[in-house]
Amino acid sequence: MGAVAFGPTPPPSPIGESMFRYLLKSLALLGVSAVLGSLVIFMLLRTVGGDVANIIAGTKASPETVNALRESLGLNRPLWEQYFGWLGGFITGDFGTSYAAGYAIGSEIARRVEPTLALTMGTLVVSIPIALAIGTYAALNHRRVRGLVVDATAQVGIGLPPFFLALVLVLLFSLQLGWLPATGYVYFADDPIGHFRSLALPITALSIGVVANLSRFVRSAMIEQLGEDYIRMARAKGRTLRGAAVVHGVRNAAIPLVSVSAVQVATLVTGAVIVENVFVLPGLGRLLLTSVLGREVIVVQSLMLVILLFILVLNLFADVIYGILDPRIRGREVSGG
Amino acid sequence: MLELRNLRIKSGHKVLSDIPTLTVAPGERLGIVGESGSGKTLTVMSIISLLPEGISATGEVLFHGDNLLGMTERRLQDIRGKRVGVVFQDPSRALNPTMKIGRQLAEVLRLHGESTSRDDIRNKMLKLLKQVSLDAPAVINSYPHELSGGQQQRVVIAIAMACGPDLLIADEPTTALDVTVQKSILELLLCLCSENNMGLIFVSHNLGVVQSICDRIAVMYQGALVEVGPAKVILGSPQEQYTRDLIAASPSIPQAKEG
Amino acid sequence: MDNEPQKLARAERGRGQIPLQVILGGIFAGFVVGAVLLSFVWTPWGPEFFDVSNRLTGPSASHWFGTDHLGRDLLTMTMLGGRASLSITLISTAIGAIFGVLLALGAAGAPPPIAASLARLADIGIALPSILIALALATALGPGSGSMIIAISVWFVPVTARVLIGPARQVLALDFIEASRSQGRGQFFILLRHVMPNIAPLIIVQISIMFGAGVLIESSLSFLGVGVQPPIPSWGRTLSEAQPLLSVAPHYLLLPGAVIVVAILGFNLLGDGLRVWLDPQQSRRGTD
């Protein structure tokens, strides 16, 4: 019986190497997107609305004030010079100052990163496991009443605007029950417990929408997986259906999930902006809104780029996770096909 | 060892397959031949109750005297993988693409408590992979897509055999493979079954393939058992017209049966 | 003979009985749209009416939704507020649908490399957060319906295109297209007369979904204050007015809010249900 011993061809590459190449590729993509995005932001804000100095100074300002402003902001220079000047300042950390309030934009943005980060990361950490669990449950029961109930609930969850949901939560948990604060944020360094309490309602508000959305994707991805042969094979080994789904299905179901992550990240960040304003959390979203309402073009410009970078980094994480989950993606880089 | 009695497989009210009687003796190799839609896969899957949703089976599947058809899922899980092993048609789909081979092989060992320590399991895996002629340490760390079709199928066979089952069910195991590879897989199956006194049920639409390794052949057509008998008899003096047509339609594969 | 757009056999489409989602969604959405349309002819109280002595009262026989912070009838304000939301959504959806379909048809008919890059472009477009674009536009142009419509349409176009490219290409690969081509029909004609009618059900599904998304985005933007400005009423702004008054007048938040939710839910259900009903093959994926 003993024929020649076979070996796999080509020899499997260590995970590190193909991962590294994949990471490089993703980073390059991020760089290109960031540059393109900055161009779009710049064009949108500096050209679409007409004279920027006018916008910032407002309708009540005298022509002299407007001219002075134009000078100090360098708005008389050619457009491309302004663009590179802006980017240069961005990289070195010089973002300029706010016209109306006079604060240094750079340091203000730096101060506001923590609340936004805490909110978004907290939401992801909470939502993803819950969405996986609910989606898998719904998939396993998709022909039974329980599965339909879960699906219907998710439907309702998608239709709830985050701001409405947030206010309802405030009504219930803050005003009626008095358990949690309605507005305000506590920095982690000042009071860890207060920090989490101040984030409880905002994260819940955001998570419900994210879970509703994600769990529907998980459900359909899972239902597809359940029809796959390797699930059958796992059962032929002696696993229960649920065991096969969890051990084999979840990982594979997560893959198409990651492919819709770009949209989910965008939804998450927009939701965060809204939720920050409802709960008056001093994060990037709140700064964004006040600047927009105050027509502070310079502030909005840099702030938008920061938020864009944030979105791109989150997408990078998603890509990395995709690479970890699906070895075939990495493999393609190395063997070339 | 295995006896199917009045096995009727239905989807709702529609009868998909009906087998009055079919047996497999210990160590015997039975081939089930038929075209697509003949119900052969469903029949064989119903032995371990792995039927798709909406399809049910009635009758008796007696395995060492116990009726598998009425059993609780718990007891079935004990039997699946341990007393009965399954080799699926397309190994690239039967193996989880995102999991290393080693993990998938170890899974069946752990499920049935065959070994508990990591070293123990690793040794067992090395032995199993050697039995199917694979370079063990390299394969254990690979992902399915890094192996060729033939190698993948050898892994599947190794998994199916891992716990020393009495019966191996092979559902079109060579159909998805290149012709050149098919022969070696067939030889491997023949070898393993005779060395371990393992029963084999080999399902295929290809009479030539079945004839090369099976002692007895059952012919199915549209859910019914057309003819059963020793391979030599079926091929030499077929009783039914359908069997005759089937023989005429297959390209002959001259394969002397190994004792 | 080729003048009749060829429709795929009904049996292939698999139309069965109307799913529950369509009925429910239709009722919800229809109810809200109907109430808003009604506002053009009649409202429970006049739009100009207010009675400060009667502010922030809860639901009653004369004021079904109660009164707002100026003593205006909340139901009237809600009905009027729907006008802005629905019209902005309508315009954005129309733009999104028209250009999205054109883009999808164009990409479907183009050679594979171009089609693939257009699909990639659409993917990037989908990832654009339309609310952020709206905020940027509001900074440059000032708040109002204009920037909202632009921002929402800019997102709707790639979303629609992305969904339709695949099915459009599938239709193009069918046999009767070849037959039509062999009769000398040009690409343009084929796309318009053969492909479009066959993806029409999907377009309708997409429109319904865009309506749901549009109302959600518009009301969120209005809530933040970058939507239509006073004195034009809008759903989102009504809720933002309700925020500081939550403890004294919860109805101010809950009742108009419920209307928004019912509208969005209705359109979403309608879209999902239509997808299941009109194209069961694709519905098995069950995702947006």
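Residues numbered from 1 in each chain as written. Chains lettered and ligands numbered in written order. Predicted model: local features only at pLDDT ≥ 70, side-chain atom pairs only at ≥ 80, totals over all residues.

Colleague: Honestly, the overall build of chain C in this entry has me stumped. Any pointers?
Modeller: The secondary structure content of chain C amounts to 11 helices and zero strands. Order of helices (α) and strands (β) in chain C, N terminus to C terminus: α-α-α-α-α-α-α-α-α-α-α. Sequence-distant contacts in chain C: of pairs separated by 6 or more residues, those separated by 24 or more amount to 72%. (Helix = DSSP H or I, 4+ residues; strand = E, 2+ residues; numbered from the N terminus. Contact = placed C-beta atoms within 7 Å.)

Colleague: I'm lost on the overall build of chain B in this one. Help?
Modeller: For chain B, the helix and strand inventory stands at 11 helices and 10 strands. In terms of overall dimensions, chain B is globule-like: its C-alpha atoms have a radius of gyration of 18 Å, near the 18 Å expected for 259 residues. Counting only C-alpha atoms, chain B reaches 55 × 45 × 30 Å along its principal axes. At a minimum sequence separation of 6, the contacts of chain B that also span at least 24 residues come to 68%. (Rg over C-alpha atoms; globule rule 2.2 N^0.38 Å.)

Colleague: Please clarify how the environment of Ile307 of chain A should be interpreted in this entry.
Modeller: Position of Ile307 of chain A among the secondary structure elements: in helix H13 (residues 297-325). Under the C-beta neighbour-count criterion, Ile307 of chain A is labelled buried, with 25 such atoms within 10 Å. For the pair formed by Ile307 of chain A and Val269 of chain A, sequence separation is 38 residues and the distance between their alpha carbons is 8.2 Å. Apart from the residues lying within four places of it in its own chain, the contact partners of Ile307 of chain A are Val269 and Leu284 of chain A together with Leu132 of chain C. (Buried ≥ 20, exposed ≤ 12 C-beta atoms within 10 Å, placed from the backbone.)

Colleague: Is there a simple way to explain the interface of chain A and chain C in this structure?
Modeller: As a measure of interface size, the accessible area lost when the parts come together is often cited. Facing 39 residues of chain A, the contacting portion of chain C comprises 37 residues. For the side of chain A that touches chain C, the elements supplying multiple residues, two or more each, are helix H1 (15-47), helix H6 (145-159), helix H7 (162-176), helix H8 (192-226), helix H11 (261-278), helix H12 (284-293) and H13 of chain A. Taken together, the residues of the side of chain A that touches chain C sort by class into 30 nonpolar, six polar and three charged. (Nonpolar A, V, L, I, M, F, W, Y, C, P; charged D, E, K, R; others polar.)

Colleague: Mind showing me how you'd approach the confidence of the model for chain B here?
Modeller: When pLDDT is low, close inspection of the predicted coordinates is not appropriate. Averaged over every residue, the pLDDT of chain B is 84; residues scoring 70 or more account for 96%. Low pLDDT, under 50, characterises residues 253-259 of chain B; the stretch is placed with five contacts to residues that sit more than four places away or in other chains. (pLDDT = per-residue confidence, 0-100.)

Colleague: It is not clear to me how the pairing of strand E2 (residues 14-24) of chain B should be interpreted in this structure. Could you clarify?
Modeller: In the case of a regular strand, side chains alternate between the two sheet surfaces. All names here are of chain B. Alignment of strand E1 (residues 2-11) against E2, held across nine bridges, turns out to be antiparallel. Note that in E2 the partner of Ile9 across the bridge is Ser17. The turn linking E1 back onto E2 is made up of two residues, and Gly12 within it adopts a positive phi angle of 70°. (Pairing = 2+ DSSP bridges.)

Colleague: What exactly am I supposed to notice about the interface of chain A and chain B here?
Modeller: Each side of the interface is counted separately: chain A has 28 residues, and chain B has 35 residues. Secondary-structure elements contributing two or more residues to the side of chain A that touches chain B are helix H9 (229-236), helix H10 (241-259) and helix H14 (327-335) of chain A. Top contributing element to the side of chain A that touches chain B by residue count: H9 of chain A, with six residues. Its residues assigned to classes, the side of chain A that touches chain B shows 12 nonpolar, seven polar and nine charged.

Colleague: I tried to follow helix H2 (residues 20-38) of chain C on my own but got confused; where do I start?
Modeller: Side chains three or four residues apart in an α-helix point the same way, a direct result of the helix having 3.6 residues per turn. Residues and elements named next belong to chain C. Over its 19 residues, H2 extends 26 Å from the first C-alpha to the last, a length consistent with the 27 Å expected when each residue adds 1.5 Å. The set of residues buried in H2 consists of Gln21, Val22, Gly25, Phe28, Ala29, Val32 and Val36. Across the axial projection of H2, the buried residues extend over an arc of 145°, all falling on one side. Every exposed residue of H2 that faces more than 90 degrees away from the buried side is listed here: Leu20, Gly30 and Gly34. (Expected span 1.5 Å × (residues − 1). Arc of directions from axis to C-beta.)

Colleague: Quick question: what am I supposed to make of the pairing of strand E7 (residues 167-171) of chain B here?
Modeller: All names here are of chain B. Most of E7 is tucked away, with five of its five residues classed as buried. Alternating positions in E7 separate into two faces, Leu167, Ile169 and Asp171 on one and Leu168 and Ala170 on the other, with burial throughout. One ladder, built from five bridges, connects E7 with strand E8 (residues 199-204); its direction is parallel. The residue bridging Asp171 from the neighbouring strand is Val203, located in E8.

Colleague: Can you help me understand the arrangement of the chains in this one?
Modeller: The assembly contains two pairs of chains in contact; the pair sharing the most contacts is chains A and C. A gap remains between chain B and chain C, which never touch, and the nearest two C-alpha atoms on either side lie 16 Å apart.

Colleague: Explain the packing of H11 of chain A against H12 of chain A here, please?
Modeller: Packed helices, taken two at a time, are described by the angle between their axes plus the distance between the axes. All names here are of chain A. Contact pair H11 / H12: the axes reach a minimum separation of 7 Å and the direction vectors enclose 80°. On the basis of the axis angle, H11 is roughly perpendicular to H12. For the pair H11 and H12, the contacting residues are Ala272, Val273, Glu276 and Asn277 in the first and Gly285, Arg286, Leu288 and Leu289 in the second. For the contact of H11 with H12, a count of residues per class yields four nonpolar, two polar and two charged. (Axes fitted to C-alpha atoms, helices over the stretch in contact; angles between N-to-C directions. Parallel < 35°, antiparallel > 145°, perpendicular 65-115°, else oblique.)

Colleague: Is there a simple way to explain the confidence of the model for chain C in this structure?
Modeller: All names here are of chain C. For chain C, mean pLDDT is 82; residues scoring 70 or higher make up 91% of the total. In this model, residues 1-14 is a region of pLDDT below 50 whose contacts with residues beyond four sequence positions or in other chains number 15 contacts. Every residue in residues 282-288 scores below 50 in pLDDT, and together they form 11 contacts with partners more than four places removed in sequence or on other chains. Interface confidence in the predicted complex, given as ipTM, is 0.82; pTM for the same model is 0.78.

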